[in-house]
Amino acid sequence: MKISVILAHPYKKSFNYAIYETVLRNLQINGIEVMAHDLYFEKFNPLLKGKELLNGETSDSLVIQHRKEIKKADGIIIIHPNWWGQPPAILKGWIDRVLRSGVAYEFEEGDDGSGIPKGLLKAKTVLIFNTSNTHEEREINVFEDPLERIWRYCVFDFCGIKNFHRKMFSVVASSTFEERKQWLKEVKMIVADHFF
Ligand SMILES: Cc1cc2nc3c(=O)[nH]c(=O)nc-3n(C[C@H](O)[C@H](O)[C@H](O)COP(=O)(O)O)c2cc1C
(Lines give C-alpha, C1' and ligand atoms only; values in the text may rest on other atoms or scores of the structure.)
Protein backbone atom coordinates (compact mmCIF):
# COMPACT_ATOMS: atom_id res chain seq x y z
CA MET A 1 0.00 0.00 0.00
CA LYS A 2 1.23 3.50 -0.88
CA ILE A 3 0.13 6.60 1.01
CA SER A 4 0.75 10.22 -0.01
CA VAL A 5 1.32 12.52 2.96
CA ILE A 6 1.29 16.27 2.38
CA LEU A 7 2.24 18.86 5.03
CA ALA A 8 1.69 22.61 4.65
CA HIS A 9 3.32 24.36 7.61
CA PRO A 10 6.39 26.62 7.66
CA TYR A 11 7.69 25.80 11.15
CA LYS A 12 9.25 22.56 12.35
CA LYS A 13 8.39 23.14 16.01
CA SER A 14 4.67 23.50 15.23
CA PHE A 15 1.95 21.09 16.30
CA ASN A 16 1.27 20.45 12.62
CA TYR A 17 4.82 19.21 12.24
CA ALA A 18 4.32 16.90 15.23
CA ILE A 19 1.22 15.49 13.51
CA TYR A 20 3.26 14.98 10.33
CA GLU A 21 6.01 13.11 12.18
CA THR A 22 3.47 10.98 14.05
CA VAL A 23 1.73 10.04 10.80
CA LEU A 24 4.99 9.19 9.02
CA ARG A 25 6.35 7.14 11.92
CA ASN A 26 3.15 5.12 12.24
CA LEU A 27 2.83 4.40 8.55
CA GLN A 28 6.46 3.39 8.29
CA ILE A 29 6.51 1.04 11.30
CA ASN A 30 3.48 -0.67 9.80
CA GLY A 31 5.37 -1.33 6.57
CA ILE A 32 3.45 1.14 4.43
CA GLU A 33 5.23 2.84 1.56
CA VAL A 34 5.04 6.57 2.23
CA MET A 35 5.35 9.36 -0.31
CA ALA A 36 5.92 12.29 2.05
CA HIS A 37 6.10 15.97 1.14
CA ASP A 38 6.77 18.93 3.41
CA LEU A 39 5.71 21.60 0.91
CA TYR A 40 7.57 24.52 2.54
CA PHE A 41 10.75 22.50 3.02
CA GLU A 42 10.81 21.38 -0.60
CA LYS A 43 9.87 24.91 -1.77
CA PHE A 44 6.83 23.79 -3.72
CA ASN A 45 5.91 26.58 -6.14
CA PRO A 46 2.16 27.19 -5.74
CA LEU A 47 1.76 29.60 -8.68
CA LEU A 48 -0.27 28.28 -11.58
CA LYS A 49 0.91 30.39 -14.48
CA GLY A 50 0.58 30.93 -18.22
CA LYS A 51 0.05 27.95 -20.50
CA GLU A 52 -0.20 25.52 -17.60
CA LEU A 53 -3.62 27.04 -16.96
CA LEU A 54 -4.75 26.02 -20.44
CA ASN A 55 -3.48 22.47 -20.80
CA GLY A 56 -1.84 21.53 -17.51
CA GLU A 57 1.57 21.07 -19.13
CA THR A 58 4.52 22.05 -16.98
CA SER A 59 8.28 21.59 -16.87
CA ASP A 60 8.27 21.92 -13.06
CA SER A 61 9.73 18.54 -12.07
CA LEU A 62 8.31 18.71 -8.54
CA VAL A 63 4.78 19.26 -9.85
CA ILE A 64 5.26 16.35 -12.29
CA GLN A 65 6.45 14.15 -9.41
CA HIS A 66 3.48 15.15 -7.22
CA ARG A 67 1.03 14.36 -10.02
CA LYS A 68 2.59 10.91 -10.60
CA GLU A 69 2.53 10.09 -6.91
CA ILE A 70 -1.03 11.24 -6.23
CA LYS A 71 -2.24 9.09 -9.14
CA LYS A 72 -0.70 5.93 -7.72
CA ALA A 73 -1.50 6.58 -4.03
CA ASP A 74 -3.88 4.13 -2.32
CA GLY A 75 -4.55 6.72 0.37
CA ILE A 76 -3.97 10.44 0.93
CA ILE A 77 -3.24 12.29 4.18
CA ILE A 78 -3.12 16.10 4.27
CA ILE A 79 -2.00 18.12 7.31
CA HIS A 80 -2.37 21.89 7.67
CA PRO A 81 -3.49 24.71 9.99
CA ASN A 82 -6.66 26.71 9.49
CA TRP A 83 -5.56 30.04 7.99
CA TRP A 84 -8.51 32.36 7.39
CA GLY A 85 -10.80 29.36 7.05
CA GLN A 86 -8.59 28.06 4.24
CA PRO A 87 -5.49 25.99 3.66
CA PRO A 88 -2.21 27.96 3.59
CA ALA A 89 -1.57 29.43 0.10
CA ILE A 90 1.18 26.92 -0.65
CA LEU A 91 -1.35 24.07 -0.30
CA LYS A 92 -4.02 25.93 -2.28
CA GLY A 93 -1.43 26.12 -5.07
CA TRP A 94 -0.74 22.38 -4.68
CA ILE A 95 -4.45 21.73 -5.30
CA ASP A 96 -4.41 24.03 -8.35
CA ARG A 97 -1.31 22.49 -9.92
CA VAL A 98 -1.42 18.85 -8.86
CA LEU A 99 -5.11 17.92 -8.81
CA ARG A 100 -5.54 18.86 -12.45
CA SER A 101 -7.99 17.63 -15.03
CA GLY A 102 -6.50 14.46 -16.46
CA VAL A 103 -4.77 13.72 -13.15
CA ALA A 104 -7.48 13.80 -10.49
CA TYR A 105 -10.68 14.04 -12.54
CA GLU A 106 -11.97 14.37 -16.10
CA PHE A 107 -15.18 15.46 -17.75
CA GLU A 108 -17.04 13.22 -20.16
CA GLU A 109 -16.65 14.04 -23.83
CA GLY A 110 -18.92 16.95 -24.75
CA ASP A 111 -19.13 18.23 -21.16
CA ASP A 112 -18.22 21.93 -21.07
CA GLY A 113 -16.92 21.53 -17.53
CA SER A 114 -20.22 22.22 -15.81
CA GLY A 115 -21.18 18.58 -15.38
CA ILE A 116 -20.24 16.00 -12.77
CA PRO A 117 -16.69 14.85 -13.47
CA LYS A 118 -15.33 11.34 -13.29
CA GLY A 119 -12.77 10.87 -10.52
CA LEU A 120 -9.42 9.50 -11.68
CA LEU A 121 -7.57 9.01 -8.41
CA LYS A 122 -6.92 5.45 -7.32
CA ALA A 123 -7.02 6.38 -3.60
CA LYS A 124 -10.13 5.23 -1.79
CA THR A 125 -9.50 7.08 1.47
CA VAL A 126 -8.53 10.64 2.40
CA LEU A 127 -7.64 11.89 5.87
CA ILE A 128 -7.31 15.59 6.64
CA PHE A 129 -5.73 16.76 9.91
CA ASN A 130 -6.29 20.42 10.77
CA THR A 131 -5.45 22.69 13.68
CA SER A 132 -7.05 25.97 14.69
CA ASN A 133 -7.65 28.43 17.50
CA THR A 134 -11.45 28.47 17.24
CA HIS A 135 -13.84 26.43 19.37
CA GLU A 136 -15.72 23.82 17.35
CA GLU A 137 -19.15 25.34 17.97
CA ARG A 138 -18.09 28.78 16.70
CA GLU A 139 -16.27 27.25 13.72
CA ILE A 140 -19.47 25.48 12.67
CA ASN A 141 -22.13 28.03 13.64
CA VAL A 142 -20.37 31.28 12.76
CA PHE A 143 -17.90 30.31 10.02
CA GLU A 144 -19.85 27.32 8.64
CA ASP A 145 -16.82 25.06 8.75
CA PRO A 146 -15.22 26.18 5.47
CA LEU A 147 -12.43 23.58 5.57
CA GLU A 148 -15.02 20.79 5.59
CA ARG A 149 -16.71 22.26 2.52
CA ILE A 150 -13.44 22.84 0.70
CA TRP A 151 -11.90 19.42 1.27
CA ARG A 152 -14.90 17.11 1.43
CA TYR A 153 -17.06 18.61 -1.30
CA CYS A 154 -15.09 21.02 -3.50
CA VAL A 155 -11.97 18.87 -3.75
CA PHE A 156 -12.30 15.17 -2.93
CA ASP A 157 -15.96 14.52 -3.72
CA PHE A 158 -15.23 16.27 -7.05
CA CYS A 159 -12.33 13.84 -7.57
CA GLY A 160 -14.56 10.87 -6.69
CA ILE A 161 -13.23 9.97 -3.23
CA LYS A 162 -16.12 9.27 -0.86
CA ASN A 163 -14.26 7.78 2.10
CA PHE A 164 -13.33 11.11 3.66
CA HIS A 165 -12.40 11.81 7.28
CA ARG A 166 -11.31 15.16 8.70
CA LYS A 167 -10.15 15.88 12.24
CA MET A 168 -9.69 19.41 13.59
CA PHE A 169 -7.59 19.88 16.74
CA SER A 170 -8.49 23.03 18.63
CA VAL A 171 -7.81 25.32 20.49
CA VAL A 172 -4.06 24.91 19.90
CA ALA A 173 -3.07 28.27 21.44
CA SER A 174 -4.37 27.36 24.91
CA SER A 175 -3.75 23.60 24.74
CA THR A 176 -1.59 21.90 27.36
CA PHE A 177 1.30 19.54 26.69
CA GLU A 178 -0.89 16.65 27.96
CA GLU A 179 -3.72 17.60 25.61
CA ARG A 180 -1.38 17.70 22.62
CA LYS A 181 0.05 14.30 23.62
CA GLN A 182 -3.51 12.96 23.69
CA TRP A 183 -4.23 14.54 20.28
CA LEU A 184 -1.20 12.78 18.79
CA LYS A 185 -2.55 9.49 20.17
CA GLU A 186 -5.80 10.27 18.36
CA VAL A 187 -3.85 10.88 15.16
CA LYS A 188 -2.29 7.42 15.53
CA MET A 189 -5.70 5.83 16.11
CA ILE A 190 -7.34 7.58 13.15
CA VAL A 191 -4.50 6.51 10.83
CA ALA A 192 -4.72 2.94 12.13
CA ASP A 193 -8.53 2.84 11.77
CA HIS A 194 -8.33 3.87 8.13
CA PHE A 195 -5.22 2.16 6.87
CA PHE A 196 -4.21 -0.88 8.97
C1 LIG B 1 -2.28 33.62 8.64
C2 LIG B 1 -3.03 32.97 9.77
C3 LIG B 1 -4.42 32.87 9.70
C4 LIG B 1 -5.12 32.21 10.70
N5 LIG B 1 -6.49 32.09 10.59
C6 LIG B 1 -7.16 31.38 11.51
C7 LIG B 1 -8.56 31.16 11.37
O8 LIG B 1 -9.19 31.60 10.41
N9 LIG B 1 -9.19 30.44 12.33
C10 LIG B 1 -8.52 29.93 13.41
O11 LIG B 1 -9.15 29.28 14.23
N12 LIG B 1 -7.19 30.09 13.55
C13 LIG B 1 -6.50 30.81 12.63
N14 LIG B 1 -5.15 30.96 12.77
C15 LIG B 1 -4.46 30.30 13.89
C16 LIG B 1 -3.86 28.95 13.44
O17 LIG B 1 -4.85 28.08 12.94
C18 LIG B 1 -3.13 28.29 14.59
O19 LIG B 1 -2.08 29.15 14.98
C20 LIG B 1 -2.56 26.95 14.24
O21 LIG B 1 -3.58 26.07 13.88
C22 LIG B 1 -1.79 26.38 15.40
O23 LIG B 1 -1.12 25.21 15.02
P24 LIG B 1 0.47 25.21 14.85
O25 LIG B 1 1.06 25.40 16.21
O26 LIG B 1 0.83 23.88 14.28
O27 LIG B 1 0.80 26.36 13.93
C28 LIG B 1 -4.43 31.65 11.81
C29 LIG B 1 -3.03 31.77 11.87
C30 LIG B 1 -2.34 32.42 10.88
C31 LIG B 1 -0.82 32.52 10.96
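For the structure given in this document, a descriptive report is provided here. Because the structure is a prediction, the values reported are computed rather than measured. (Residues numbered from 1 in each chain as written. Predicted model: local features only at pLDDT ≥ 70, side-chain atom pairs only at ≥ 80, totals over all residues. Heavy atoms only, no water.)

Brief notes about the nonpolar core
- The biggest cluster of nonpolar side chains holds 31 residues, and the ones touching the most others in it are Ile76, Ile78, Trp94, Leu99, Leu121, Trp151 and Phe156.
- Elements with a contribution of two residues or more to this core: helix H3 (61-72), strand E3 (75-81), helix H4 (89-98), strand E6 (125-131) and helix H6 (146-157).
- Looking at this core element by element, the count peaks at five residues for H4.
- Setting aside its immediate chain neighbours within four residues, Leu99 contacts Ile70, Trp94, Ala104, Tyr105, Leu121, Val155 and Phe156. (Core = buried A, V, L, I, M, F, W, Y, C linked by side-chain atoms within 4.5 Å. Buried < 20%, exposed > 50% of the residue type's maximum accessible area, 1.4 Å probe, protein only. Helix = DSSP H or I, 4+ residues; strand = E, 2+ residues; numbered from the N terminus. Contact = heavy atoms within 4.5 Å.)

Structural notes on unusual backbone geometry
- Of note, the bond from Ser170 into Val171 is cis; its omega dihedral lies within 30 degrees of zero at 0 degrees.
- Counting through the fold element by element, Val171 comes out in the loop between strand E7 (163-169) and helix H7 (177-195).
- Phi at Glu144 takes a positive value of approximately 60 degrees, unusual for a residue other than glycine.
- Position of Glu144 among the secondary structure elements: in the loop between helix H5 (136-141) and H6.
- Taking the relative accessible area as the measure of exposure, Glu144 reaches 59% and is therefore exposed.
- You will see that Asp145, though not glycine, has its phi angle at about 50 degrees, which is positive.
- If you trace the backbone, Asp145 turns up in the loop between H5 and H6.
- Its relative accessible area of 16% is what places Asp145 among the buried residues.

Focus: the pattern of salt bridges
- Counting across every chain of the model gives 12 salt bridges.
- The salt bridge partner of Asp157 is Lys162, with a shortest N-O separation of 2.6 Å. (Salt bridge = Lys/Arg side-chain N within 4 Å of Asp/Glu carboxyl O.)

Section: the site of the ligand
- By nearness alone, 14 residues border the ligand, and His9, Asn16, Asn82, Thr131 and Thr134 come closest of all.
- Thr134 is positioned with one of its side-chain polar atoms (N or O) 2.4 Å from an oxygen atom of the ligand.
- Within the complex, 67% of the 630 Å² of free accessible area of the ligand lies under protein.
- Partitioned by chemical class, the residues of the shell around the ligand number five nonpolar, nine polar and no charged. (Near = heavy atom within 4 Å. Polar contact = N/O pair within 3.5 Å; in protein donor to acceptor, adjacent residues only side chain to side chain. Areas by Shrake-Rupley, 256 points an atom, 1.4 Å probe, with all protein chains shown as cover. Nonpolar A, V, L, I, M, F, W, Y, C, P; charged D, E, K, R; others polar.)

Comments concerning the pairing of strand E1 (residues 2-7)
- Of all six residues in E1, five are buried; the element is thus mostly enclosed.
- Of the strand pairs in this sheet, E1 and strand E2 (residues 33-38) are connected by six bridges, and their pairing is parallel. Opposite Val5, over in E2, you have Ala36 as the bridge partner.
- The parallel pair E1 and E2 is bridged by helix H1 (residues 15-29), and the resulting crossover is right-handed.
- Relative to E3, E1 runs parallel, the two sharing five bridges. Its bridge partner being in E3, Ile6 is matched across the sheet by Ile78. (Pairing = 2+ DSSP bridges. Right-handed = clockwise from strand over helix to strand, strands pointing away.)

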